[in-house]
Amino acid sequence: MGSLLRQYPRDQGAMESAVEELMPRLLPVEPCDLAEDFDPSVPPRTPQEYLKRVQLEAAQCPDVVVAHIDPKKLKRKQTVNVSLSGCQPAPEGYSPTLKWQQQQVVQFSVIRQSVNKHRNHWKSQHLDNNVTMPKSEDEEGWKKFCLGERLYAEMSVATATGENPGIDYVQIGFPPLLSIVSRMNQATITSVLEYLINWFGEKDFTPELESKEDDRIPALNLLICLVSRYFDQRDLADEPS
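Every value quoted in this text rests on a predicted model; they were computed, and no experiment measured them.

Rules used throughout
Residues numbered from 1 in each chain as written. Predicted model: local features only at pLDDT ≥ 70, side-chain atom pairs only at ≥ 80, totals over all residues. Heavy atoms only, no water. Salt bridge = Lys/Arg side-chain N within 4 Å of Asp/Glu carboxyl O. Helix = DSSP H or I, 4+ residues; strand = E, 2+ residues; numbered from the N terminus. Buried < 20%, exposed > 50% of the residue type's maximum accessible area, 1.4 Å probe, protein only. Phe/Tyr/Trp six-rings, centres within 6.5 Å; stacked < 30°, edge-to-face > 60°. Axes fitted to C-alpha atoms, helices over the stretch in contact; angles between N-to-C directions. Parallel < 35°, antiparallel > 145°, perpendicular 65-115°, else oblique. Contact = heavy atoms within 4.5 Å. Nonpolar A, V, L, I, M, F, W, Y, C, P; charged D, E, K, R; others polar.

Visitor: Explain the pattern of salt bridges residue by residue, including any values.
Guide: Side-chain pairs of opposite charge can arise whenever the charged atoms involved come near each other. On inspection of all chains with the given rule, the structure shows four salt bridges. The salt bridge partner of Lys143 is Glu139, with a shortest N-O separation of 3.4 Å. In this pair, Lys143 and Glu139 are both assigned in helix H6 (residues 139-147), four residues apart and thus about one turn of the helix distant. Using a relative accessible area of 2% as the deciding quantity, one classes Lys143 as buried. Close ionic contact of Arg216 with Asp214 constitutes a salt bridge, the shortest N to O distance being 3.1 Å. Judged by relative accessible area, which is 37%, Arg216 ranks as partly exposed. In this structure Asp214 comes out as buried when scored by relative accessible area, which is 12%. Connected through shared salt-bridge partners, Glu139, Glu140 and Lys143 make up one network.

Right under this line is the structure:
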């Protein structure tokens, strides 16, 4: 879908009829005699000249208006409804206990309140010279900032040199430090999360867990636990045994 078309009536009578159907007139507009020197290009001097100018502008509207739409933007905004009926629980050994989940929720609540309380303190902390935060609408800039230029460019993270010049966050991505996140309003945080989700979708990021001892399992369990238990997305929560 590359464009949307809207058809406008051509003649004045058809236009008035269409307008009447969409928005009935509240006050009648009677024909008026205007001076011979009436110039629609200058600001109207009387109510009659204003109404006449509006009629002339409406008559000059094109028959067809084309809106150019980027299909990629529409695709990103689409939502998919997935039925969770019959959703299978995690295999044995992959899901944490209910007691562990409750402990994480309590701990997260305490940390969240502490962060909100000290937000101004962290916001005032000095950032290193290499930290340049992109503007909220700069999607590509935020991808480079969070993921690092190497991963963004799909280059190998490993370096050929044996030297250790220190951590280069420009190359490997800046972590979500409180000194950085505290400078972002909620709208920017939401936008950045959407940018990263889009990137994962474009790259078909679907890692497979190799075993119960996989180092990523605790982090994934923590995210699912907080979303389901703390933020009340119960469709993701495990049924208590």
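Visitor: Lay out the packing of aromatic side chains with the relevant residues and their values.
Guide: Both the distance between ring centres and the angle between the ring planes are used here to describe each pair of aromatic rings. This structure, assessed with the given rule, holds seven aromatic pairs. Seen in terms of ring centroids, Trp142 and Phe145 are 5.4 Å apart; in terms of plane orientation they differ by 80 degrees. Their pairing is edge-to-face. Residue Trp142 and its partner Phe145 are located together in helix H6, separated by three residues, close to a single helical turn. Residues Trp142 and Phe145 agree in their burial class; the two are buried. Where Phe145 meets Phe174, the ring centres are 4.6 Å apart and the plane angle is 20 degrees; that geometry is what we call stacked. Separated by 29 residues along the polypeptide, Phe145 in helix H6 and Phe174 in the loop between helix H8 (169-172) and helix H9 (178-181) bring together distant segments of the chain. The class for Phe174 is buried, based on a relative accessible area of 9%. Ring-pair connections join several aromatic residues into one group, and the members of that group are Trp142, Phe145, Tyr169 and Phe174.

Visitor: Can you tell me about the packing of H6 against helix H10 (residues 186-202), naming the residues and giving the values?
Guide: Interhelical geometry of H6 versus H10 gives an angle of 80 degrees and a closest axis separation of 10 Å. Between H6 and H10, the crossing angle belongs to the class labelled roughly perpendicular. Residues Glu139, Trp142, Lys143, Cys146 and Leu147 of H6 form the contact with H10, whose participating residues are Thr188, Val192, Tyr195, Leu196, Asn198, Trp199 and Glu202. Taken together, the residues of the contact of H6 with H10 break down into seven nonpolar, two polar and three charged.

Visitor: Any chance you could break down the packing of helix H4 (residues 98-117) against helix H11 (residues 217-230) for me, citing the residues and the numbers?
Guide: Between H4 and H11, whose axes approach to 9 Å, the crossing angle comes to 75 degrees. On the basis of the axis angle, H4 is roughly perpendicular to H11. Taken together, the residues of H11 that come into contact with H4 (itself represented by Leu98, Trp100, Gln101, Gln104, Val105, Phe108, Ser109 and Arg112) are Pro218, Asn221, Leu222, Cys225, Leu226, Arg229 and Tyr230. Its residues assigned to classes, the contact of H4 with H11 shows nine nonpolar, four polar and two charged.

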